[in-house]
Number of protein chains: 2
Amino acid sequence: MRRSERLIGLTKHLLDRPNQAVSLSEIQGLLEAAKSSLSEDVGFIRQALENLQQGTVQTISGAAGGVRYVPRLSDTERALFSAEMVERLSDPSRMLAGGFVYMSDILGDPLVIDYVGRLFAEAFVTSGVNVVVTVETKGIPLAVATAHYLHCPLAIVRREHRVTDGAVVSVHYVSGSNRRIQSMSISKRAMPDFARALVVDDFMKAGATCKAVVHLLAEFQATVVGTAVFAATAEPLQKLVDDYKALFEVSDLEEGRVPVVRSTMFWETQ
Amino acid sequence: MRRSERLIGLTKHLLDRPNQAVSLSEIQGLLEAAKSSLSEDVGFIRQALENLQQGTVQTISGAAGGVRYVPRLSDTERALFSAEMVERLSDPSRMLAGGFVYMSDILGDPLVIDYVGRLFAEAFVTSGVNVVVTVETKGIPLAVATAHYLHCPLAIVRREHRVTDGAVVSVHYVSGSNRRIQSMSISKRAMPDFARALVVDDFMKAGATCKAVVHLLAEFQATVVGTAVFAATAEPLQKLVDDYKALFEVSDLEEGRVPVVRSTMFWETQ
């Protein structure tokens, strides 16, 4: 196999497996190359990705040994994404009754889903997350992309469980928007043991839903390492969960007015 | 920029944009190379991907000109995936009351989500799909991955719409499982005009839900080009929608029995 072909094949193999340990023996079988050549190739790929601000390739020491691609978005990609989202969210026609913002079209945009997944994964990659949890429905696409980039399973909390969920654990909570008692459930078999969970959602006002998820996960002895949301309202300033990170903060949410949108991309302060 | 670095950067740029037209000028700005060198690089990448059965790079002629990465899974990847899924689905502990199969854990597995998205995209890439539609909740992760690989927006049909959906279009239908009248809605603004829709879902018995989606989309003058489901039951043989493609067929679905699972990976016959 030619050098260039091997580099391309190895690049694809690693990029297809973000934050996943890949052993050199596994790649050897695929690309038919000596370990020394592969190590050199990995060095080239690491250098190229770092120069382009597209992440890095980490070396994993230990008996198995291997490498892991850790993705990131370049500064240019972040800046363009941030500006585009602020512009799209600031459209007054998005304002809905009750201080909500219409975002279904944005949350169905494949580029937005992909970028948000990368950004959330980047922010929590060192937290040892082993499950991404979301509440149906709008946050699911973002949670899917985040789980992909963190390489961990996805568990979906449902408001009304069905026969296909199998055995479930349920909790009741008081909804933040209408102060009514609601319930949420999660399939027992979908939650790993000793989980370190990242909660992902699209929108946060007071944070009542996310707080209920924390209570639900406590039934599994899970640790919630953080909460990542696409957009949060500026008011109330004090949310019901700590440790939440939002990409955008929205305020002045009244029908007919122009909402004020601020990029709060948390990673910029890192 | 070194040759190897350019190849790696270009490979990443294309792989990040499956089924998306990328102009050579766009890449030139990123990688600072002459168009002639880039064309040669594209040739290398195409050859390497084809040799590894990992898709190809198509050249787009016309005024703009450009290239497009079209992904595929290798024969080995398909065979391993098929065998693993058949084994996991054949577990008798998955059998639920009413002839349902427990699949939430499988549908939350990031590798499964990714592979199913690739397989669905591969099967419908030539159908001119410009929106992927799914019904909440379990099919959403598969629809997200499919929309990513087809590079088109995702629209989610909801059983109970909320204020955050904005203006919606709703239809009523008779549920296949309990013969009761149910409703489903879709946000108007989330559906593109003149849509060519691919319907994605996790499980199909009679197909009543998918048929209702066809009716709902007809309200938008949309054309449904096909339906892709992860698993379908062998009975009834005649579904309520034509043109559906399932990756797996399950039969003998009774609690306490071992379900019979057959891989029907439709692409094998192509």
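What comes next is a walk through the structure. (Residues numbered from 1 in each chain as written. Chains lettered and ligands numbered in written order. Predicted model: local features only at pLDDT ≥ 70, side-chain atom pairs only at ≥ 80, totals over all residues. Heavy atoms only, no water.)

**A closer look at the packing of helix 3 (residues 35-51) of chain A against helix 1 (residues 3-15) of chain B**
At a minimum axis distance of 9 Å, the contact between helix 3 of chain A and helix 1 of chain B shows a crossing angle of 65 degrees. Here helix 1 of chain B runs roughly perpendicular to helix 3 of chain A, going by the angle between their axes. As for how helix 3 of chain A packs across helix 1 of chain B, the hand of that crossing is right-handed. In this structure, helix 3 of chain A uses Phe-44, Ile-45, Ala-48, Leu-49 and Asn-51 of chain A to contact helix 1 of chain B, whose residues at the interface are Ser-4, Glu-5, Ile-8 and Lys-12 of chain B. Looking at the contact of helix 3 of chain A with helix 1 of chain B residue by residue, the class counts come to five nonpolar, two polar and two charged. (Axes fitted to C-alpha atoms, helices over the stretch in contact; angles between N-to-C directions. Helix = DSSP H or I, 4+ residues; strand = E, 2+ residues; numbered from the N terminus. Parallel < 35°, antiparallel > 145°, perpendicular 65-115°, else oblique. Left-handed = near helix turned anticlockwise from the far one by under 90°. Contact = heavy atoms within 4.5 Å. Nonpolar A, V, L, I, M, F, W, Y, C, P; charged D, E, K, R; others polar.)

**Considering the nonpolar core**
Counting residues in hydrophobic clusters, the biggest one holds 96 residues, and the most contacted among them are Phe-230 and Phe-248 of chain A together with Phe-230 and Phe-248 of chain B. In terms of nonpolar packing, the next biggest core, distinct from the first, is built from 38 residues, Leu-10 and Val-22 of chain A together with Leu-10 and Ala-48 of chain B among them. (Core = buried A, V, L, I, M, F, W, Y, C linked by side-chain atoms within 4.5 Å. Buried < 20%, exposed > 50% of the residue type's maximum accessible area, 1.4 Å probe, protein only.)

**Quick word on the interface of chain B and chain A**
Counting residues at the interface gives 61 residues for chain B, matched by 61 residues for chain A. For the chain B face of the interface with chain A, the top three residues by lost area are Ile-8, Lys-12 and Arg-189 of chain B, together amounting to 15%. The interface formed by chain B and chain A includes eight salt bridges. One salt bridge in this structure joins Arg-189 of chain A and Asp-105 of chain B, with 3.9 Å as the shortest N-O distance. Our count for the contact surface shared by chain B and chain A stands at 24 residue pairs in polar contact (both at pLDDT 80 or more). Elements represented by at least two residues in the side of chain B that touches chain A include exactly helix 1, helix 2 (24-31), helix 3 (35-51), helix 5 (110-124), helix 6 (140-150) and strand 6 (154-157) of chain B. Per-element tally for the side of chain B that touches chain A: the top contributor is helix 1 of chain B, with eight residues. Split into classes, the residues belonging to the side of chain B that touches chain A amount to 28 nonpolar, 14 polar and 19 charged. (Buried area = accessible area lost by both parts, 1.4 Å probe. Salt bridge = Lys/Arg side-chain N within 4 Å of Asp/Glu carboxyl O. Polar contact = N/O pair within 3.5 Å; in protein donor to acceptor, adjacent residues only side chain to side chain.)

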